[in-house]
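What follows is the residue order along each chain.
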Amino acid sequence: MAEPVDPQRVLVRLFSYAKPHWPMMALGVLGMALFASVDTGIAFLVRTFLDGTFVERDPRMVAWIPLAIVGLFVVRGTGDYLANFGPGHVGRAVIKALRADVFRHLLVLPVSYYDRHPPAELLARLTYNVELVSEATTTATTALIKDTLTIAGLLGYLFWSNWQLTAAALAIAPVIAFLVRTANRLFRRYSMRIQSSVADVTRVAREAIDGQRLIKVFTAEAHEERLFEIANERNRHNHMRLIAVRAISNPVVQFIAAIGLGLILFFALRSVFRDHMSVGGFTSFLAALVMLMSPLRRLVGIAAPLQQGITAGHSVFEVLDEAAEDEGGPRRLARARGELAFEHVDFGYVGGPGPVLSDVSFTTGSGRTIAIVGRSGSGKSTLVSMIPRFYDPTAGRILLDGFDLREYRRVDLRRQIAMVSQDVLLVDDTLRNNIAFGAPDASLDAIERAARAAHVLEFADELPQGLDTPVGDRGALLSGGQRQRVAIARALLKDAPVLVLDEATAALDSESERVIQGALAELRHGRTTLVIAHRLSTIETADLILVMQDGAIVERGTHAELLARGGIYAGLHRLQFNA
Ligand SMILES: Nc1ncnc2c1ncn2[C@@H]1O[C@H](COP(=O)(O)OP(=O)(O)OP(=O)(O)O)[C@@H](O)[C@H]1O
Ligand SMILES: [Mg+2]
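Below is a short write-up of the structure. (Residues numbered from 1 in each chain as written. Chains lettered and ligands numbered in written order. Predicted model: local features only at pLDDT ≥ 70, side-chain atom pairs only at ≥ 80, totals over all residues. Heavy atoms only, no water.)

## Quick notes on the overall build of the protein
Formally: Think of it this way: any DSSP run of H or I at least four residues long counts as a helix, any run of E at least two long counts as a strand, and we number them from the N terminus. The globule rule used for comparison is 2.2 Å times the number of residues to the exponent 0.38, while the radius of gyration itself is calculated over C-alpha atoms. Under the scheme applied here, a residue whose accessible area is under 20% of the maximum for its type counts as buried, over 50% as exposed, and between as partly exposed, the area being computed with a 1.4 Å probe on protein chains only. Contacts were defined at the residue level, with two residues in contact if any of their heavy atoms lie within 4.5 Å. Only the protein chains shown count as cover for residues, and all accessible areas are computed by the Shrake-Rupley method using a 1.4 Å probe. Positive charges come from Lys and Arg, negative ones from Asp and Glu, while His and the chain ends are left out of the count. To locate a charge, take atom NZ for lysine, CZ for arginine, CG for aspartate or CD for glutamate.
Looking only at helices and strands, one finds 20 helices and ten strands in the protein. In summary, the protein has a C-alpha radius of gyration of 35 Å against a globular reference of 25 Å for 579 residues, an excess of more than 25%. For the protein, the residues scored as buried account for 45% of the 579 residues in total. At a minimum sequence separation of 6, the contacts of the protein that also span at least 24 residues come to 77%. Counting only carbon and sulfur atoms, one obtains 61% of the accessible surface of the protein, whose full area is about 29600 Å². A distance of 7 Å separates the average location of the 61 positive side-chain charges in the protein from that of its 60 negative side-chain charges.

## Here's the deal with the coordination of the magnesium ion (ligand 2)
Ideal geometry at a metal centre: 109.5 degrees between donors when four sit tetrahedrally, and 90 or 180 degrees when six sit octahedrally. Defined as follows: Distances decide who is a donor: an N, O or S atom must be within 2.8 Å of the metal, or within 3.2 Å for Na, K and Ca. Water is not included, so sites may look incomplete.
Within the protein, the atoms that donate to the magnesium ion (ligand 2) are Ser381 (OG) and Gln422 (OE1), at distances of 1.9 to 2.4 Å. Separated by 41 residues along the polypeptide, Ser381 in helix α12 (residues 380-385) and Gln422 in the loop between β6 (417-420) and α14 (431-435) bring together distant segments of the chain. Overall, Gln422 belongs to the partly exposed group, its relative accessible area being 46%.

## As for the sheet that holds strand β2 (residues 357-364)
To keep things clear, this is the line we draw: Paired strands, as defined in this entry, are two strands with at least two bridges between them according to DSSP.
The four strands lie next to each other as β2-β1-β4-β5, forming an open sheet whose pairing is antiparallel. Only two strands of the sheet have a single partner each, and these edge strands are β2 and β5 (403-404). As judged from the five bridges shared by strand β1 (residues 340-347) and β2, these two strands associate in the antiparallel manner. By the bridge assignment for β2, Ala341 is matched with Thr363.

## Focus: the sheet that holds strand β3 (residues 369-374)
To keep it simple, the criterion reads: Lines fitted to C-alpha atoms define the axes here, with helix axes fitted over just the stretch in contact, and angles between the N-to-C directions of these axes take values from 0 to 180 degrees.
The strand order across the open sheet formed by six strands is β6-β7-β8-β3-β9-β10, and the pairing between neighbours is mixed. Two strands close off the open sheet at either side, each with one partner strand: β6 and β10 (552-557). Between one strand axis and the next, the sheet turns by 15° as a mean value, whatever way the strands run. Inspection of the sheet shows β3 paired to strand β8 (residues 528-532) by four bridges, in the parallel sense. If you follow Ile370 over to β8, its bridge partner there is Leu530. Where helix α17 (residues 480-494) meets the sheet, it contacts β6 and β7 (498-502), and its direction lies at approximately 175° from that of β6.

## Section: the side chain of Gln195
Positionally, Gln195 belongs in helix α7 (residues 173-210). Each residue touching Gln195, except ones within four places of it in the same chain, is listed here: Tyr128, Asn129, Leu132, Gln308, Thr311 and Ala312.

## A closer look at unusual backbone geometry
Here the phi dihedral of Thr219 falls at roughly 40°; this positive angle occurs in a residue that is not glycine. Turning to its location among the elements, Thr219 is positioned in the loop between α8 (212-217) and α9 (221-275). Positive phi, close to 50°, is recorded for His344, a residue that is not glycine. Relative to the assigned elements, His344 resides in strand β1.

## Observations concerning a nonpolar patch on the surface
Inclusion rule: Surface patches are defined over residues having more than 30% relative accessible area and no salt bridge, joining like charges when they lie within 9 Å and nonpolar side chains (Val, Leu, Ile, Met, Phe, Trp, Tyr) when within 5 Å. Salt bridges are defined as contacts in which a side-chain nitrogen from Lys or Arg sits within 4 Å of a carboxyl oxygen from Asp or Glu.
Together, Phe255, Ile259, Leu263, Phe266 and Phe267 make up a nonpolar patch on the protein surface, roughly 500 Å² of accessible area in all. Within the fold, Phe266 resides in helix α9. Residue Phe266 is classed as partly exposed on the basis of its relative accessible area, which comes to 49%.

## A few points about the site of ligand 1
Note the following rule: We call a residue near a molecule or strand whenever a single non-hydrogen atom of that residue lies within 4 Å of it. Contacts described as polar in this section are N or O atom pairs within 3.5 Å, which, within protein, must combine one atom able to donate a hydrogen with one able to accept it, while residues neighboring in sequence count only if both atoms come from side chains. Three categories are distinguished: nonpolar for Ala, Val, Leu, Ile, Met, Phe, Trp, Tyr, Cys and Pro, charged for Asp, Glu, Lys and Arg, and polar for the others, with Gly belonging to the last.
In the vicinity of ligand 1 lie 14 residues, with Ser376, Lys380, Ser381, Thr382 and Gln422 positioned nearest. Between ligand 1 and Gly377, the relevant distance is 2.8 Å, taken from an oxygen atom to a main-chain nitrogen or oxygen of the residue. In the environment of ligand 1, an oxygen atom lies 2.8 Å from a nitrogen or oxygen atom belonging to the side chain of Lys380. Within the complex, 63% of the 640 Å² of free accessible area of ligand 1 lies under protein. Its residues assigned to classes, the shell around ligand 1 comprises three nonpolar, eight polar and three charged.

## Considering the packing of α7 against α9
Put simply, the rule reads: Each angle gets one of four labels, with under 35 degrees taken as roughly parallel, over 145 as roughly antiparallel, 65 to 115 as roughly perpendicular, and the rest as oblique. Each crossing gets its handedness from the near helix: less than a right angle anticlockwise from the far helix is left-handed, clockwise is right-handed.
Contact geometry of α7 with α9 gives a least axis separation of 9 Å together with a crossing angle of 165°. By the angle between their axes, α7 is roughly antiparallel relative to α9. Of the two elements, α7 crosses α9, and the hand of that crossing is left-handed. For the contact of α7 with α9, the per-class residue count stands at 21 nonpolar, eight polar and six charged.

## What about the packing of aromatic side chains?
Where we set the bar: Between 30 and 60 degrees the pair is tilted, below 30 it is stacked and above 60 it is edge-to-face, where a pair is any two Phe, Tyr or Trp rings, Trp via its six-membered ring, whose centres lie within 6.5 Å. By definition, being over a ring means that NZ of Lys or CZ of Arg is both within 6 Å of the ring centre and within 35 degrees of the ring normal.
For the coordinates displayed, the defined rule picks out twelve aromatic pairs. Ring geometry for Phe347 against Tyr391: centres 5.3 Å apart, planes inclined by 45°, an arrangement best described as tilted. Separated by 44 residues along the polypeptide, Phe347 in strand β1 and Tyr391 in the loop between α12 and β4 (395-400) bring together distant segments of the chain. Consider the rings of Phe403 and Tyr408, whose centres lie 6.4 Å apart with planes at 85°: the pair is edge-to-face. Directly above the ring of Phe35 sits Lys146, whose terminal nitrogen or CZ lies 4.2 Å from the centroid. The positively charged end of Arg331 is found above the aromatic ring belonging to Phe403, 3.4 Å away from the centroid.

## Some thoughts on the environment of Gly374
Summarising the element assignment, Gly374 is placed in strand β3. Along the primary structure Gly374 and Glu462 are separated by 88 residues, whereas in three dimensions their C-alpha atoms are 38 Å apart. What Gly374 contacts, discounting residues up to four positions off in sequence, is Lys380, His534 and Met548.

## Digging into the nonpolar core
Put simply, the rule is: We define a nonpolar core as any set of buried Ala, Val, Leu, Ile, Met, Phe, Trp, Tyr and Cys residues linked to one another through side-chain atoms lying within 4.5 Å.
In terms of nonpolar packing, the biggest core is built from 44 residues, with Ile435, Val456 and Ile539 touching the most fellow members. Those residues in contact with Val456 that lie beyond four places of it in its chain are Ile435, Ala451, Leu467, Arg485, Val486 and Ala489. Among the nonpolar cores identified, the runner-up in size contains 30 residues, and Ile372, Val384, Ile417 and Met548 belong to it.

## Topic: the pattern of salt bridges
Per the stated rule, a full pass over the model turns up 34 salt bridges. The partner of Asp147 in a salt bridge is Arg298, and the shortest N-O contact between them spans 2.7 Å. Highlighted residues: Asp147 in helix α5 (residues 119-161) and Arg298 in helix α10 (residues 279-301), separated in sequence by 151 residues. On the basis of relative accessibility, which here comes to 38%, the residue Arg298 falls in the partly exposed class. Residues Arg397 and Glu343 are paired through a salt bridge, measuring 2.9 Å at the closest nitrogen-oxygen approach. Of this pair, Arg397 sits in strand β4 while Glu343 sits in strand β1, placing them 54 residues apart in sequence. Put simply, Arg92, Arg99, Glu131 and Glu135 are held in one network by salt bridges that share partners.

Written as structure tokens, this is what we have:
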């Protein structure tokens, strides 16, 4: 929320979403016009009724007036219906379109964007803010048009019946306008705070729900409760401020209006005596003035939701304005040979303390296996995350088949890479669909082969629905090792020339790991593979082993070479095999 809110720009942009639905909007406005004209009609009717009945004693009034009333309310009802249905229709359509745009955009935002924006904040924008912006602006616009029209109609009538009086009444308009503007600014400020506090509430709650086991075992209930209390209280506090501004704005405006009314009464009564204003004329003038009050009050009242909508809109458009990942270069790539080269690659995370990778260089021929070992935090995952261009080097370059990764079309590049990452992500679907993730056209046979090779069938066969068993939210119904096997099956099915395994078998027991290593050895055949492993026994056969420390490669060679050298690798090896 760094950029200041520009209400006009937000509204214009929102309006562009509503534009395709202009027939419905027109119908709504028609309804509002009908509604407004009836109010003016009633004021007019009061005059006709009073003067006709009591002054002129016209007998036709007996039938005429009741019929006119019923007729007017039929028109008013129709207007009311259209005035609600039309904007409602447009509002929901805008919510849907806006939400779809935000979601689509979230899919193409770079990884670094997600580093900077917590999930709860993005979820709040997609759900709460999108809803708020359309709801608020639809309600507000409806009221705005309807009440403005009503006011215009009544004012017109007032001018027509006595312009001097009306002019006097209008003298207070600037005062009201000033008050409304002040209130608007306050509304906007508190709305913004409310929205960010909603994100806070969501974030804390989400952490507590996701991490409930963690909380239980660390008995962190009191701590979480305190965190929640802070967010919850901030939300309440800002809401209360909004409520206070809203609550005070009405009485103040009405008080000013009452002063105006007093003034008018003074002039009106004087004109009854001086200019012989008729009963009907006088009463209907007053009636119209009184009828003016409630749309006026509503008009002031819509400021709060409108400002809420505008700030919500601003935060939604902020997401949409965020630059998406580019398409990459123009070079096309059907299937890479898999020759990968890092040339003096430097990298540091934006906002991070310092360089995470420094001067990383290595090359590998097609079909080779490279293993990366090193202490936790030494930059192994960061290194491999640069291959699908989650991040780009700050200096140096990475080549695939002799060309800089940045030259390839991004989708083509990513098609070359299968990845089993450290934290496996499963979607809330069946085992089968999780294996075929991103490959909906995969044949049943291919899925089954992948499932067999990754030893998914081993446990799937025991489940009542086999591969069609749902895995639960994020695979919660599976064990860590089972999830990892699904991820491996997924990578197998993708059949890409570059394979990245980041601790892919770390969650497996030694027995399963040995079996899966067998399957992986087969899989590695003909592919360039990067393996990150803490368990050195799994990488002894690698063609090249890189030892990383603080973002730099400090040793390289085959298993035998590194052992003979007696350096860091040899030390790690000794440690693991003595244990
Ligand atoms: N998204 C990120 N934003 C900022 N800093 C990060 C991010 N991811 C990792 N880091 C930092 O970069 C450094 C290297 O992390 P990386 O995940 O590459 O280590 P690793 O070698 O894979 O460790 P491990 O063996 O524990 O998986 C760490 O200091 C970490 O704090
Ligand atoms: Mg890692």
